[in-house]
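# Structure assessment
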Amino acid sequence: MSNDYNKMAFEKKVKDALQAVERVLEVERKPRLAAEVDHSYGDKYALANTVTNTAIITLMNCLDKLGLNADILTAIDKTNATTLRFEASAQCKFIKDVVVDVPVDTTHVEGEVSKSTGIFGNTTKTKVFKAVKHVKEYHYDLETNWSISIYSGTSIKEKKILKSRASNMILITQVQKPPVKITELEEVSLTWLLGQITTETLATQFQIDVEDSKTITPRRNEAIEKALEFAGIDSTAGVQHGKLHAFLTCIDTFFESLRSAILSNHNPAVPSPDPVFTAMRQNFDFYDYSIFNPILPLMEDDNQSATAVEERDSCKVLSKEDMTKLTNEHARSLEEALENIAKSAPSDQSPNAFACSERMLMLLSFDMLELMSNYSKSFSYIESMMESQLISAIGKRLESDDIDKFTTFHNARLLQKAPNQFSHAIRQPEHYPVGLVSIEDNTGDRKCIQTHSRIVNVSSTVKLPLAAATILELAGDQVLHGWMNQRFGTKTASGRNYFFELTARARQFSSFILVIGTMNGPSTLEPKDSIIIQNKDEVLIPLLLEELPTAKEFKDAIKSLSPEQQRFAKAYRSMQLESSVFGICVVQIKPQLEALLSLPPNSLDKEMKLTQDLMELFVEYQVPSDLLSYNGATDDVAVEDKVSNVREHVKSVMEVIEGEKEKHLKNAALNTAMSIEKHIQQDLAHSEQRSGLHDVVNGALIDPRPPTMFYKSATAPARRSGAAKLRAPSGGAQKERFRSVQSSAAPVPRMAKMSAVAAASPG
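For the structure given in this document, a descriptive report is provided here. The model shown is predicted, which means the values in this text are computed figures rather than measured ones.

## Points about the packing of aromatic side chains
In total, this model carries 17 aromatic pairs according to the counting rule given. Ring geometry for Tyr 5 against Phe 10: centres 6.1 Å apart, planes inclined by 55°, an arrangement best described as tilted. The same class applies to Tyr 5 and to Phe 10, which are both buried. For the ring pair Phe 94 and Tyr 140, a centre distance of 5.5 Å and an interplane angle of 70° mean the geometry is edge-to-face. Taken together, the residues Phe 94 in strand β2 (residues 82-114) and Tyr 140 in strand β3 (residues 123-152) connect sequence positions 46 residues apart. Chaining the aromatic ring pairs together yields one cluster made of Phe 86, Trp 146, Phe 254 and Phe 255. Seen from the ring of Phe 554, Arg 573 lies directly overhead, with NZ or CZ sitting 4.8 Å from the centre.

## Observations concerning helix α6 (residues 244-265)
Given a rise of 1.5 Å per residue, 22 residues ought to cover 32 Å, and the 32 Å separating the end C-alpha atoms of α6 matches this to within 8%. Those residues of α6 that sit buried are Leu 244, Ala 246, Phe 247, Leu 248, Cys 250, Ile 251, Phe 254, Phe 255, Leu 258, Arg 259, Ala 261 and Ile 262.

## Comments concerning the side chain of Arg 165
Mapped onto the elements of the fold, Arg 165 is located in strand β4 (residues 160-173). Within the structure, Arg 165 has its side chain in polar contact with the backbone oxygen of Asp 348 (distance 3.0 Å). There is a polar contact of 3.0 Å between the side chain of Arg 165 and the backbone oxygen of Asn 352. Beyond its immediate stretch of four places on either side in the chain, Arg 165 contacts Thr 144, Asn 145, Trp 146, Ser 347, Asp 348, Ser 350, Asn 352, Ala 353, Ala 355, Ser 357 and Glu 358.

## Observations regarding helix α10 (residues 400-414)
The terminal C-alpha atoms of α10, which comprises 15 residues, lie 21 Å apart, in line with the 21 Å expected from a rise of 1.5 Å per residue. Restricting attention to buried positions, one finds in α10 the residues Ser 400, Asp 401, Asp 402, Ile 403, Asp 404 and Thr 407.

## Some thoughts on the pattern of salt bridges
Inspection of every chain in the model, using the stated rule, returns 32 salt bridges. The residue Glu 26 makes a salt bridge to Arg 29 at a minimum N-O spacing of 3.1 Å. For Lys 661, the salt bridge is made with Glu 658, and the minimal N-O distance between the two is 3.8 Å. Note that Lys 661 and Glu 658 are positioned in helix α15 (residues 639-691) at a spacing of 3 residues, about one turn of the helix. The class of Lys 661 is partly exposed, set by a relative accessible area of 33%.

## Section: the sheet that holds strand β16 (residues 525-534)
Taken in spatial order, the 3 strands of this open sheet run β16-β15-β18, and their pairing is antiparallel. Both outer strands of the open sheet, β16 and β18 (582-588), are each paired with one neighbouring strand and no more. With strand direction ignored, the average angle separating the axes of adjacent strands in the sheet is 20°. Two elements, strand β15 (residues 511-519) and β18, share 7 bridges in a ladder whose sense is antiparallel. Bridging across to β18, Gly 517 finds its partner in Gly 583.

## Some remarks on the sheet that holds strand β10 (residues 450-455)
Strands sit in the order β7-β10-β13 across an open sheet of 3 strands; the sheet is antiparallel. This sheet does not close on itself; its edge strands, each paired only once, are β7 (420-421) and β13 (479-482). Where β10 meets β13, 4 bridges bridge the pair, whose relative direction is antiparallel. Pairing of Ile 455 across the sheet is with Val 479, part of β13.

## Some remarks on empty space enclosed by the protein
Applying the stated criterion across every chain yields a total of 5 cavities of 30 Å³ or more. Computed from the structure, the second largest cavity encloses a volume of approximately 60 Å³. Thr 52, Ala 55, Ile 56, Leu 59, Trp 192, Leu 193, Ala 227, Phe 230, Ala 231, Met 372 and Tyr 375 together form the lining of the second largest cavity. Sorting the residues of the lining of the second largest cavity by element identifies α2 (41-65), α4 (191-194), α5 (222-231) and α9 (356-394) as the ones contributing at least two each. Top contributing element to the lining of the second largest cavity by residue count: α2, with 4 residues. Broken down by class, the residue content of the lining of the second largest cavity amounts to 10 nonpolar, 1 polar and no charged.

## Focus on the packing of α5 against α9
As a packed pair, α5 and α9 sit with axes 11 Å apart at the nearest point and diverge in direction by 145°. When you trace α5 past α9, the crossing you get is left-handed. In this structure, α5 uses Ile 224, Ala 227, Leu 228 and Ala 231 to contact α9, whose residues at the interface are Met 372, Tyr 375, Ser 376 and Phe 379.

Definitions and limits used
Residues numbered from 1 in each chain as written. Predicted model: local features only at pLDDT ≥ 70, side-chain atom pairs only at ≥ 80, totals over all residues. Heavy atoms only, no water. Phe/Tyr/Trp six-rings, centres within 6.5 Å; stacked < 30°, edge-to-face > 60°. Buried < 20%, exposed > 50% of the residue type's maximum accessible area, 1.4 Å probe, protein only. Helix = DSSP H or I, 4+ residues; strand = E, 2+ residues; numbered from the N terminus. Lys NZ or Arg CZ within 6 Å of the ring centre and 35° of its normal. Expected span 1.5 Å × (residues − 1). Polar contact = N/O pair within 3.5 Å; in protein donor to acceptor, adjacent residues only side chain to side chain. Contact = heavy atoms within 4.5 Å. Salt bridge = Lys/Arg side-chain N within 4 Å of Asp/Glu carboxyl O. Pairing = 2+ DSSP bridges. Axes fitted to C-alpha atoms, helices over the stretch in contact; angles between N-to-C directions. 1 Å grid on protein atoms, 1.4 Å probe; cavity = no way out; pocket = protein on both sides within 12 Å on 5 of 7 lines; lining within 4 Å. Points joined across faces, edges and corners; volume = space filled by probe spheres on them. Nonpolar A, V, L, I, M, F, W, Y, C, P; charged D, E, K, R; others polar. Left-handed = near helix turned anticlockwise from the far one by under 90°.

Just distances and angles here, no functional claims.
Put into structure tokens, the structure is as follows:
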């Protein structure tokens, strides 16, 4: 659907054109928009054919006004590609510079008084001096040349000129710089357009092949795709060079740029009315010419008065005779608009670079752009009509979630073994699940994907290489899953990107190991990452899905490559296919702990604290299993005794760990205290150097700092009345530390508070 399509605006435009349609057709005829007429699906294809044939005829009418008449069409070599070419250039040539005197609104008046004995008394003479400004003008000769030609194949030198004009006009500026320099060159291939008409009768022969397997809808088929590609206005990539839209836009851009450059740069020092520039400044709108556009998606109720039903593609669409009347009305209105331009525009003999031929060419370009716009929007209207009808039938607009529900519902009914949700409980036989592994989408419902599954390699094991010298062999169920994803858009109804996540959840006091990787062969899992999930953990892993070409697409893609490139592509695809199988391995921890500790199966089911302690010792402290495993007799020993034996080992190790923790805490506390004391002493020494002299009260030094600067702790020195002294506390390391500090400190410490000093002084 076209990006600039507005359904309401287009429908209003078509309804406004219906007044002209009713004037052209018979009085009793009442054509309407296709959506307002009951019709079949085949009528939509007939409407697409009618709209396209109408567009071809109207384009040929416009090209005929450009000079591409029947004689030239007959002489064209149809065995080669036919190209329409537009060349244009506008360049300035310096002529001369002239100094012009420009009057200034400044005057100077001088007066003389002469005495006279006559009857009239004294006389006065006045001299008026007017100021002028010398302005230098630069005169340029603007030479404009443009032409539209046609040629076959690559014979550009043998091109046939359809329309051209050359003009010269004088531009005056006050800056010595060429004011205008524009060049344009654009071509469009007419091969598709000329291939849709017969040269002898100039009749159109466009038809959609509804039997073609590539034909999907009246808009999505090979014939319409080629038509829209020729027009070049239905692409999301912007303007496409070599297409009709780019060709017509180039013509319009050149003349608009030329007109704007002339009007903005022509600046004589003394403005004077010039008919050339006056005519160029006149604003004109091509919509005022009211050229009829016959490309309309119209239908009408069954009507056989105009022509027999068998001569029409459908009894609902307008007949060929009706479309001929409409195209003739377009040709008449276009001719009338060209005549009006010929009457009002400057003649081609004038020096005006924007004369009659230029305006006619711009009008033809404008009309063809309008025709192509209506053509593209007509197909957008057909697509929009089909979409609205489907929404009315279903009752809602379908999103990706709706397609997933649709496929899930019908797969369950049509397939002999319906796919199941990829959601697996992690459990031992006759045990409650300890967790869950699933693949879900990222929508709010967190729906699981539907996969086909079967158990494979029942008696074999899966190898899990951990390192070069360590390979695990895992026994258990091996389930192969197949998932076919339907792609319908890239976003959900809420607007979020649509992707999938591997989700793993563990219950409280439960744990398991999740290993993900790729299958390297039928019995080897190449691990990429692993994680221990325990105690209500939830892990969400986004899956990066990549599409691989099918076998047929791959074969078609490499058939034109060299043998070496083909071998490399096949080898690389083989590697991709081998690593495309996603592998998930789940290892339950509790059974492995029982086997590792020489305990009977299920002996740790009720031992929650013991299990948590074991997980902590193995994961956080990496304690060897020999220190914890059962080391008693193996025969005739109760399960409780074996568990108690392991519990004692765990208790012993935990006590050792707790003891080490206490040592570390004590050492950390001592290091912290030493660091704090060292910092205080350094601060005191630094303050002593800055303060200099201190006041002495009863032999004690008074610290001039405020009380908030002192530090009080359990290791602070004791104070006594009189002079406060530092007393070293008892203790080995601390005693030595305080001794070294005391020996290097001042005789009288600065740890006494102001209140303590004041209490020691008399009065």
